[in-house]
Amino acid sequence: MKNIWLTHQHLDHIVDIAYIIDNYFGIRKNTINILGTKGTIDAIKKHFLNDEVWPDFSKIKLPNNEMVVKYTEIELGREYKISENESIKAFDTEHTDSSCGYIYTRDGSSILITADTANLESAIKEIEKDNSINSVVLECSFPNELENLAVESKHLTPKMLFESLKNVKRKDFQLYINHIKPTFILQIAQEIEENKGLFSPKLVKDGDFLQF
């Protein structure tokens, strides 16, 4: 079974599910298990894989008679075992009413990923209490001059990001930054450099592999 762990239901974070199902339908042998909070799962069922925008694949079977899709609602704070040496845990984030971030752990080392968020309070709590977290992936969507837009859409600017990170007592983790809007990538990269303080952030590009 292939697991897809969702942070929230906005289109840019779920659209690839449709193409994964479509392109590999005839050769798949295992069900795709879509995991997320109740609100995220409900939104996908109602607005996306709903027989209107896209087929409801939870009612369709693969050629080998297995179901194409199943849904699993997750609980915040609960650790889910992926394998003998891997686990994942969701924590609350401020973006949609049901958004979450994840802490993925393998062999005692962890990476924290918020995805889209307007507030790092919950992420900072997780970083402070869990010394296994040695890598952190945070979003930074808009340049400082568009702070009003960032606030309204519940995203971060470089200034907002590093102001929040001043509240982190630990500095012994690698900071990665993603979700930079392509139109502003050069401006945001410069503003990250100007606002980074004691951090040495790395910008994540499509196709990058993160070591932790």
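Just so it is clear, the model here is predicted, and its values are computed rather than measured. (Residues numbered from 1 in each chain as written. Predicted model: local features only at pLDDT ≥ 70, side-chain atom pairs only at ≥ 80, totals over all residues. Heavy atoms only, no water.)

Chemist: Go over the pairing of strand β9 (residues 174-178) with me, naming the residues and quoting the values.
Modeler: Walk down a regular strand and you will see the side chains alternate between the two sheet faces. Pairing geometry for strand β8 (residues 133-139) and β9, over five bridges, is parallel. Note on β9: the bridge partner recorded for Val-136 is Leu-175. Direction of pairing for β9 relative to strand β10 (residues 202-203): parallel, over a ladder of two bridges. Across the sheet, Ile-177 pairs through a bridge with Leu-203, a residue of β10. (Pairing = 2+ DSSP bridges. Helix = DSSP H or I, 4+ residues; strand = E, 2+ residues; numbered from the N terminus.)

Chemist: Explain the nonpolar core to me, using residue names and the numbers behind them.
Modeler: Leu-112, Leu-161, Leu-165 and Leu-175 are the most contacted members of the largest nonpolar core, which totals 26 residues. A per-element tally of this core places helix α5 (residues 158-165) first, with four residues. Setting aside its immediate chain neighbours within four residues, Leu-112 contacts Phe-91, Tyr-102, Ile-103, Ala-123, Glu-126, Ile-127, Ile-133, Ser-135, Val-136, Val-137 and Leu-138. (Core = buried A, V, L, I, M, F, W, Y, C linked by side-chain atoms within 4.5 Å. Buried < 20%, exposed > 50% of the residue type's maximum accessible area, 1.4 Å probe, protein only. Contact = heavy atoms within 4.5 Å.)

Chemist: Report on helix α6 (residues 185-195), specifying residues and quantitative values.
Modeler: Residues of α6 that are buried include every one of Ile-188, Glu-191 and Ile-192, and no others. Down the axis of α6, the buried set is contained in an arc of 105°. They therefore lie on one face. Residues of α6 that are exposed and angled more than 90 degrees away from the buried face: Leu-186 and Glu-194. Lining the buried residues of α6 we find α5, β9 and β10. (Arc of directions from axis to C-beta.)

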